[in-house]
Amino acid sequence: MKTKKYLKIALLVVVAALFIWTFVFLYQKSQPKVVIYETVTPEITDLEKTTVATGKVEPRDEVLIKPQISGIISEVYKEAGQSVKQGEVIAKVKVIPELGTLNSAESRVRLAEINAAQAETDFARIEKLHEDKLISAEEYEKGEVAVKQAREELQTAKDNLEIVKEGITKNSASFSSTLIRSTINGLILDVPVKVGNSVIMSNTFNDGTTIATVANMNDLIFRGNIDETEVGRVHEGMPVKLTIGALQNLSFNAVLEYISPKGVEENGANQFEIKAAVAAPDSVQIRSGYSANAEIVLDRAQKTLAVPESTIEFSGDSTFVYVLTDSVPVQKFERRQIAVGMSDGIKIAVKGGITAKDKIRSNEKKDK
């Protein structure tokens, strides 16, 4: 009997303990948690809002060297990567005459030779008669002019035949159109032809064959695109910072000099072309077509009071922060309206409402 009595008492004690534990647990759960927020202090700093345009660095002008005569490349004297001066020979073209033109030129020479031979014979007779004083001086002069004309026509016919066959005459070798010369001082970027390639001169129907591409690599520009949401905030003359990844992320200064007046849709967004003059040191070799990023400063605020933008509460056209007023026994914050300025995406300038001594509530928090 006593054993049963002790078991009942023990059971009642366990039930009472469980009841008390449950009550304490539920009471604790019902109590609000004490939250401690991290705080930040406004700082005086410089802010810049920038945009980045992607593009390439290339010469301002690339000159396409084209032949002034059609034919076949017989010699190539230069290759890509070499410097060239104005007037320097890059390649030589061998003329392949058209059969009908060649026959016509040869026929002209034969006729000129016949006429010249006859003129020489006639002039010899006239000269003998003049020496014997059997004809007048006037008739002698006419004969002299006729033989000179026949000689000139023969030489012209021979020169024409040389031009048809070789594209050049001995008397005009220095002005030969078969020698393809550079028209500017610069660097050869490309020589797309090889010995044996056929080339044609430019005319009304085609642009002609490009023998070489030459550019002045001391006059470089950055060519890229900027989004329409930011194009209204840039203007000619703005400084640009270029970063070229191929040169171990070296940076160069540039000046924005062109903004396209017409946008082009790309990937669903309107893009506007921009160009910037690059100021690169002579000690750095920049190759045409290097990819580059152009950083343009859209807005700048110097020595301004700033706080992290994440601490700002935006409500309509108003902005607020929570300023710490007391920390004992728990933190207390005051919601305070402030005036803000520009933002760099991380920090935002504060024009009024708080001081550098205030502590601003951060979004970071932890349970006590």
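Rules behind the numbers
Residues numbered from 1 in each chain as written. Predicted model: local features only at pLDDT ≥ 70, side-chain atom pairs only at ≥ 80, totals over all residues. Heavy atoms only, no water. UniProt positions renumbered as here; feature names shortened; annotations may be inferred. Helix = DSSP H or I, 4+ residues; strand = E, 2+ residues; numbered from the N terminus. Buried < 20%, exposed > 50% of the residue type's maximum accessible area, 1.4 Å probe, protein only. Contact = heavy atoms within 4.5 Å. Areas by Shrake-Rupley, 256 points an atom, 1.4 Å probe, with all protein chains shown as cover. Salt bridge = Lys/Arg side-chain N within 4 Å of Asp/Glu carboxyl O.

The name given to the protein in an unreviewed UniProt entry is Efflux transporter, RND family, MFP subunit, with the source organism recorded as Bacteroides fluxus YIT 12057. Its UniProt record gives the protein the following Sequence similarities (unreviewed entry) comment, quoted word for word: "Belongs to the membrane fusion protein (MFP) (TC 8.A.1) family."

When helices and strands are tallied, the protein shows four helices and 21 strands. Buried positions account for 29% of the 368 residues belonging to the protein. In the protein, the proportion of contacts linking residues at least 24 apart, taken out of those at least 6 apart, comes to 72%. In the structure as shown, the protein presents an accessible area of about 23900 Å², 52% of it carried by carbon and sulfur atoms.

A word on the pattern of salt bridges. Scanning all chains against the criterion turns up 14 salt bridges. Between Glu48 and Arg300 there is a salt bridge, and its shortest N-O distance comes to 3.0 Å. Here the residue Glu48 occupies a position in strand β2 (residues 43-59), and Arg300 occupies one in strand β16 (residues 290-308), the gap between them amounting to 252 residues. Among the residues examined, Glu48 registers a relative accessible area of 35% and is labelled partly exposed. For Arg300, a relative accessible area of 45% gives the class partly exposed. Note that Glu313 is salt-bridged to Arg335, the shortest N-O span being 2.7 Å. On the criterion of sequence distance, the pair formed by Glu313 in strand β17 (residues 313-315) and Arg335 in strand β19 (residues 332-343) is long-range, its members being 22 residues apart. For Arg335, a relative accessible area of 40% corresponds to the partly exposed category. Among the charged side chains, a network of salt bridges with common partners joins Glu58, Arg223 and Glu273.

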